[in-house]
Amino acid sequence: PVKGAGEAGGAPEASGNAQQQTTMTDVARLEPGDRVLITGASGFIGSAVTRAVRATGAEVAVLVEPDADERNLKDIDAQRIVADIRDAAAVRDACRGARFVFHLAAIYRFWARDPRIIYDVNVGGTLNVLDGARAAGCERLVYTSTVGVLGLGQTRHGVPADETSFADISHLFGHYKRSKFIAEHEVLRAAAQGLDVCIVLPTFPLGPGDVGPTPTG
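Reading guide: rules and limits
- Residues numbered from 1 in each chain as written.
- Predicted model: local features only at pLDDT ≥ 70, side-chain atom pairs only at ≥ 80, totals over all residues.
- Heavy atoms only, no water.
- Core = buried A, V, L, I, M, F, W, Y, C linked by side-chain atoms within 4.5 Å.
- Buried < 20%, exposed > 50% of the residue type's maximum accessible area, 1.4 Å probe, protein only.
- Contact = heavy atoms within 4.5 Å.
- Helix = DSSP H or I, 4+ residues; strand = E, 2+ residues; numbered from the N terminus.
- Pairing = 2+ DSSP bridges.
- Right-handed = clockwise from strand over helix to strand, strands pointing away.
- Expected span 1.5 Å × (residues − 1).
- Axes fitted to C-alpha atoms, helices over the stretch in contact; angles between N-to-C directions.
- Parallel < 35°, antiparallel > 145°, perpendicular 65-115°, else oblique.
- Left-handed = near helix turned anticlockwise from the far one by under 90°.
- Nonpolar A, V, L, I, M, F, W, Y, C, P; charged D, E, K, R; others polar.
- Salt bridge = Lys/Arg side-chain N within 4 Å of Asp/Glu carboxyl O.

(A) Quick look at the nonpolar core. Core analysis: the largest hydrophobic core is formed by 38 residues, its most contacted members being L37, L63, I85, V101 and L141. Apart from residues lying up to four places away in sequence, L63 is in contact with L37, I38, T39, G40, A41, I81, A83, I85, V91 and A94. Among the nonpolar cores identified, the runner-up in size contains 18 residues, and A58, A78, V142 and C198 belong to it.

(B) Structural view of the pairing of strand 6 (residues 140–144). Counting buried positions over the five residues of strand 6 gives five, a clear majority of the element. The pairing of strand 5 (residues 100–103) with strand 6 spans four bridges and is classified as parallel. Counterpart to H103 in the pairing with strand 6 is Y143. Read as a crossover between parallel neighbours, the route from strand 5 over helix 3 (residues 116–136) to strand 6 is right-handed. By the bridge criterion, four bridges tie strand 6 to strand 7 (residues 197–200) in an arrangement that is parallel. The residue of strand 7 that forms the bridge with V142 is C198. Once you follow strand 6 into helix 4 (residues 175–192) and on to strand 7, the crossover reads as right-handed.

(C) Layout of helix 4. The first and last C-alpha atoms of helix 4 sit 26 Å apart over 18 residues, in line with the 26 Å expected at 1.5 Å per residue. Buried residues of helix 4: Y176, S179, K180, F181, A183, E184, E186, V187, L188, A190 and A191, and no others.

(D) Geometry of the packing of helix 3 against helix 4. The geometry of helix 3 relative to helix 4 is characterised by a closest axis approach of 8 Å and an angle of 15 degrees between their N-to-C directions. As far as their axial angle goes, helix 4 and helix 3 are roughly parallel. Relative to helix 4, the crossing made by helix 3 is right-handed. From helix 3, I118, Y119, N122, V123, T126, L127, L130 and R134 reach across to helix 4, where they touch H175, Y176, R178, S179, K180, I182, A183, E186, V187 and A190. Grouping the constituent residues of the contact of helix 3 with helix 4 by class yields ten nonpolar, four polar and four charged.

(E) Examining the pattern of salt bridges more closely. Taken as a whole, this structure holds eleven salt bridges when the rule is applied. With its nearest N and O atoms 2.8 Å apart, the salt bridge here joins D131 to R92. Residue D131 is located in helix 3, and its partner R92 is located in helix 2 (residues 88–95); the two are separated by 39 residues in the primary sequence. For R92, a relative accessible area of 35% gives the class partly exposed. Across the salt bridge formed by R96 and D93, the nearest N and O atoms sit 3.1 Å from each other. Judged by its relative accessible area of 53%, R96 is exposed. One connected set of salt bridges, linked through shared partners, spans D34, R99 and E139.

In structure tokens:
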């Protein structure tokens with residue numbers, strides 16, 4: 001599923017009010033030479049996005065955490081920016097000059113000894129990217145959420161869940177889902193305030209490059 005907000009060049013569009021979501025058939029056009037920042041680029045999905053964006057001829061900058069496993073980025077021509085997504089100043093600097101920002105950096109695990117790290121990265125990091133994208137005047141932010149934030153209440157009646165299926169918060173089990181739910185709503189808040197955003201909700205990533213492996217790998 002995809003959620004969108006804003007008017008620039010067109011991935012699926014909606015207002016900040018999720019009840020008014022609509023779908024568009026055109027997509028924002030990446031042009032050769034566009035500067036694009038991708039966070040979480042060394043990850044499983046992030047590296048696939050990085051390769052796809054680089055194939056358009058865009059000028060790609062990747063933000064990777066210190067000591068990240070960069071095997072998925074080998075042979076990709078991209079500017080490396082080593083920074084912690086929790087470092088607001090570093091994220092703001094990385095966003096400067098970017099036309100588009102793809103935000104994929106997240107902690108994807110279902111348990112942590114100290115769950116605060118999950119919220120610091122998944123929520124706090126997203127707030128930093130939102131701030132950086134606004135400050136830099138980026139044309140669009142593409143945020144990677146998760147299908148785990150969707151409500152499944154109607155599936156028992158044979159109605160498939162989509163991006164308009166609102167979750168019962170009490171059914172969001174685990175800190176990963178809860179943190180992504182909070183982060184997605186911060187993105188929707190930014191959209192309501194005028195930031196052009198597109199939200200994507202991956203389901204079950206599978207394929208080569210899952211070096212972690214991820215919990216679903």
